[in-house]
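# Observations on the three-dimensional arrangement
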Amino acid sequence: MAQKKKSRKWLILGLLLLIGILGVAAYFKAKSKPKGTEVTVEEVEKRSILETVSASGRVFPEKEIKISSDVSGEIVELYVEEGDSVVMGQVLAKIDPETYVSAVERGEAAVNNSKSQQAMSRAQIETSRAQKEQIIAQLENAKAVHKRNEQLLSDGVISQADFDQSLSNLKSLEANLRSSEASMKSAEESVKAAQFSVKSAEATLKELRTSLNRTTIKAPASGVVSSLSVEQGERVVGTIQMAGTEMMRIANLNAMEVQVDVSENDILRVELSDKVKIEVDAYLDRKFDGVVTEIANSASNITGAAGAISLNTDQVTNFVVKIRLDSDSYQDLISTNNPYPFRPGMSATVDVETENMEDVISVPIQAVTTREREDEDSKKKSSDEDFDEVVFVQSADTVKMIIVKTGIQDDDYIQVKSGLEGGETIVTGPYSAISKKLKSGEIIRVKEEGKDEEEE
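Note that this is a predicted model, so its numbers are computed, not measured. (Residues numbered from 1 in each chain as written. Predicted model: local features only at pLDDT ≥ 70, side-chain atom pairs only at ≥ 80, totals over all residues. Heavy atoms only, no water.)

Taken together, four strands build an open sheet; the order of strands is S3-S10-S8-S5 and the sheet is antiparallel. Looking along the sheet, the strands with just one partner apiece sit at the ends: strand S3 (64–68) and strand S5 (85–86). Of the pairings in the sheet, the one linking S5 to strand S8 (residues 223–228) comprises two bridges and is antiparallel in character. Bridge pairing in S8 links Val86 to Gly223. (Pairing = 2+ DSSP bridges. Helix = DSSP H or I, 4+ residues; strand = E, 2+ residues; numbered from the N terminus.)

Set out below in structure tokens:
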């Protein structure tokens, strides 16, 4: 029993000794541990910074013509297939012309009828003119007879009744002359009306002949049939009545462009003639050159139902930017078997080079953070104006917070317009220390190269 108690006593003493040794070891280890926050640093240098705006979109031909029939009817002939090359004026399809041939024949008959009416009106003028001349001759004779009768009446040779008959005949002829002149004017007006009728009938005939000619669909420009939406035997609706049926599209695949959506936050930085680097999903690890040719003035997604403008500001507002693909950058892709490397609808991403600055003071983007201004007059801390952009400059084993003003940036570095002169050593990591923990005068220790970074 005594031996058992003695063994327990030594066990307790051993445990106490072990605890003491561990405590002393922990104390010396903690005392020997380097003080301060472990950070990475980098020297401030001058670099070239290329600022870009990234966007995505699709490849389209610069010029693509939608072809619809002006007249309605059945497609009786279709001469092209999708992918065919066509030249301007080439016949592409024919619409059944029978209805329009009949209409032209009716129009020609209407023109002939109008011309016949015009001829009859002109003949009426000649008839009225001859009648007028005849009445004038009779009137001259009646005047002479009546003048003789006046002398004969005064000489008592003729009776009063004969004289009155002579006067009545004279007045009757004068009335007939006025009537003949009115008839001739009426005939002249009829000729004018007949002329207008002829012109109207001829205009209608011209329109009908135009409709007949439009039953033959011709290529308005040279290019490639990029889309074919109809088949022979289908009926199409003409654009004269309504929107019409789109039959096909002809595109110039030698001149291609990329249309991308750029957000309202970036659109003001994009300008015409900006250079662009283009990546097309179909060609991996390949970049093509381009240039901005058109920037939309209105957003592409603000129109609601029935064409009304949507005032909802929750959705992202984008503007369409068109970028011409430089053909020199893909000449090596063109071959006999593949004359057109890009096809309408291919997906693409672009980087628009909005600004390029050489030899400017710059720092890694992650080295710049924000801190609230220590301003007694500023009580509200909700706006961006109440925050300063800062970097932390190494000073021996401490850091000093420097307020800076930044400019353009690329994927890795950001320009510093003021606050740094170059050559300073600034803290570049870890992000958690830069964004929250560090402050002026805080002790730091520089992380040794090759040592894994530890987030505190």
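This part is about the packing of aromatic side chains. Inspection of every chain in the model, using the stated rule, returns five aromatic pairs. Look at Tyr283 and Phe288: their rings are 5.9 Å apart centre to centre, the planes differ by 80 degrees, and that puts the pair in the edge-to-face class. Judged by relative accessible area, Tyr283 falls into the buried class, the value being 18%. Grouped by ring-pair contacts, the aromatic residues Tyr283, Phe288, Tyr330 and Phe342 constitute a single cluster. (Phe/Tyr/Trp six-rings, centres within 6.5 Å; stacked < 30°, edge-to-face > 60°. Buried < 20%, exposed > 50% of the residue type's maximum accessible area, 1.4 Å probe, protein only.)

Note the cis peptide between Gly429 and Pro430, where omega equals 0 degrees. With respect to the helices, strands and loops of the structure, Pro430 is situated in the loop between strand S21 (425–429) and helix H4 (431–437). Residue Ala396 is not a glycine yet carries a positive backbone phi of 60 degrees. Positionally, Ala396 belongs in the loop between strand S17 (387–395) and strand S18 (398–403).

Quick look at the environment of Leu325 now. Residue position: Leu325 is located in strand S14 (residues 318–325). Taking C-alpha positions, Leu325 is 6.2 Å from Asp289, a pair spaced 36 residues apart along the chain. Ignoring sequence-local partners within four residues, the contact set of Leu325 consists of Val59, Met256, Glu257, Val258, Ile278, Phe288, Asp289, Tyr330 and Phe342. (Contact = heavy atoms within 4.5 Å.)

A word on the pairing of strand S2 (residues 45–61). Direction of pairing for S2 relative to strand S15 (residues 347–364): antiparallel, over a ladder of 13 bridges. By the bridge assignment for S15, Thr52 is matched with Glu353. Relative to strand S11 (residues 256–263), S2 is paired through six bridges, and the arrangement is antiparallel. Among the inter-strand pairings, Arg58 is bridged to a residue of S11, identified as Gln259.

So, on to the sheet that holds strand S7 (residues 216–218). Two strands in a sheet stick together by hydrogen bonds in their backbones, pointing the same way (parallel) or opposite ways (antiparallel). Sheet architecture is open: four strands sit in the order S7-S6-S4-S9, paired in antiparallel fashion. Edge positions in the sheet fall to S7 and strand S9 (235–236), since each has one partner strand and no second. Across two bridges, strand S4 (residues 73–78) lies against S9 in antiparallel orientation. Across the sheet, residue Glu74 finds its bridge partner in S9, namely Arg235.

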